[in-house]
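Notes for the structure review
One-letter residues, chain by chain:
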Amino acid sequence: MTPLPTRRRLASGKVRDLYEVGDDHLLIVASDRISAFERVFPTPVPDKGRVLTAMSAFWFGELADVLPNHLVVCDGPLVPDAVRGRALLVERLDMLPVEAIVRGYLTGRGYADYRGYGEVCGLALPPGLAESARLPEPIFTPSTKARPGDKDENIDFDTCVSVLGRALAEEVREASLELYRRGAARAAEQGLLLADTKFEFGTDSRGRLVLADELLTPDSARYWLADGHEPGLPQPSFDKQHVRDWLVDPASGWDCVSPLPPLPPEVVTATRDRYIEAYHRITGLSLADWPRDPA
Ligand SMILES: N#Cc1c(N)ncnc1-c1cnn(CCN2CCOCC2)c1
């Protein structure tokens, strides 16, 4: 097994890196880095990478009946010991140039578009919806994948069709809505609201649509506590609220333009606890048992 450092890094995100493993596989390595306001903090949150990797693995297993996914193994000889527990070996796909976002509640960029145009991605919504309000039904609101540093651009479904072709666009929309419905149903059983989430897809060597990237993690989905949901206000993030509250507190000394400051130990600890709680609450599993030994 070639050690990780000699592997060619294919892509690097704010908190995850992608390495080649032969011609047909990739290793997605999740760091303990945490980001906010499109920036990365200099202070890691211990075990964040393990929690998000374990959560993706759980959801790939839970939702494999909706459509195939790219996960091959979570452990074993092709996963280096140095990243065991925070890395997934995945099938290399031809990635679609669209981010598939599903919204069950009106927040973030979706709320901003609604306020500005009365619609989101070309989908008209009833007038008078408050921020954080539950939508009459979940909506598919795709965006193009921007280059690193640029903002993704929301597109309407017709544009999505022009990019993917009608059959593939409809398949992506139906799969995304079903994945959201299943994720939201499980989250609701555990007292959480799945406000919105992002999926990424690719096609395999036979042209089949395959679910890729991460799945329903706190980095790719907004989870809110159902108790205390209050339309009309921004809702606390289940996992990042300690960080956000500290950052906007004058005590942090952050001026909104400088690089993010180091996180105080108490904020790191509270945030780590929140990630571990989110994992247990959503999956019913203990992080101590991750990664499970290879079958
Ligand atoms: N997943 C996946 C995947 C795949 N299975 N096959 C080929 N390419 C990709 C891929 C390449 N870039 N991205 C963007 C998201 N990345 C995720 C990891 O971390 C960095 C950012 C996905």
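Here's what I pulled together on the structure shown here.

**A few points about the site of the ligand**
- Taken together, 14 residues lie around the ligand, and Leu18, His70, Glu91, Leu93 and Asp213 are the ones closest in.
- Within the contact set of the ligand, a nitrogen atom lies 2.9 Å away from a side-chain nitrogen or oxygen of His70.
- Asp213 is positioned such that a nitrogen or oxygen atom in its backbone is 3.0 Å from a nitrogen atom of the ligand.
- Contact with the protein chains covers 86% of the free accessible surface of the ligand, which is 480 Å².
- Counting residues per element, the ones that place at least two in the shell around the ligand are strand S2 (16-21), strand S3 (25-30) and strand S7 (87-91).
- In terms of residue class, the shell around the ligand is built from 7 nonpolar, 2 polar and 5 charged.
- Structurally, the shell around the ligand is a two-domain feature, drawing no fewer than three residues from each of domain 1 (1-92) and domain 2 (94-225).

**Remarks on helix H4 (residues 166-189)**
- Taking 1.5 Å per residue as the helical rise, H4 with its 24 residues ought to reach 34 Å, and the 35 Å between its terminal C-alpha atoms agrees with that figure.
- The complete set of buried residues in H4 reads Leu168, Ala169, Val172, Ala175, Ser176, Leu177, Leu179, Tyr180, Gly183, Ala184 and Ala187.
- Count one or two residues on from H4 and you reach Gly191, which has phi positive near 80°.

**A look at the pattern of salt bridges**
- This model, assessed by the stated rule, comprises 26 salt bridges.
- As a salt-bridge pair, Arg16 and Asp213 come within 2.8 Å of each other at their nearest N and O atoms. Here Arg16, found in strand S2, pairs with Asp213, found in the loop between strand S16 (209-212) and strand S17 (221-225); they are 197 residues apart in sequence, far enough to count as distant.
- Among the ionic pairs, Arg186 bridges to Glu62, the shortest N-O distance being 3.3 Å. Taken together, the positions of Arg186 in helix H4 and Glu62 in helix H1 (residues 48-62) put the pair 124 residues apart, joining distant regions of the chain.

**Description of the packing of H1 against helix H6 (residues 265-283)**
- With their axes 9 Å apart at the nearest point, H1 and H6 run at an angle of 15° to one another. In terms of their interaxial angle, H1 and H6 are classed as roughly parallel. The chirality of how H1 crosses H6 is left-handed. Here Lys48, Val51, Leu52, Ala54, Met55, Phe58 and Trp59 of H1 lie close against H6, whose contacting residues are Tyr275, Ile276, Ala278, Tyr279, Ile282 and Thr283.
- For the contact of H1 with H6, the residue count by class is 11 nonpolar, 1 polar and 1 charged.

Reading guide: rules and limits
- Residues numbered from 1 in each chain as written.
- Predicted model: local features only at pLDDT ≥ 70, side-chain atom pairs only at ≥ 80, totals over all residues.
- Heavy atoms only, no water.
- Near = heavy atom within 4 Å.
- Polar contact = N/O pair within 3.5 Å; in protein donor to acceptor, adjacent residues only side chain to side chain.
- Areas by Shrake-Rupley, 256 points an atom, 1.4 Å probe, with all protein chains shown as cover.
- Helix = DSSP H or I, 4+ residues; strand = E, 2+ residues; numbered from the N terminus.
- Nonpolar A, V, L, I, M, F, W, Y, C, P; charged D, E, K, R; others polar.
- Domains from an automatic or database assignment.
- Expected span 1.5 Å × (residues − 1).
- Buried < 20%, exposed > 50% of the residue type's maximum accessible area, 1.4 Å probe, protein only.
- Salt bridge = Lys/Arg side-chain N within 4 Å of Asp/Glu carboxyl O.
- Axes fitted to C-alpha atoms, helices over the stretch in contact; angles between N-to-C directions.
- Parallel < 35°, antiparallel > 145°, perpendicular 65-115°, else oblique.
- Left-handed = near helix turned anticlockwise from the far one by under 90°.
- Contact = heavy atoms within 4.5 Å.

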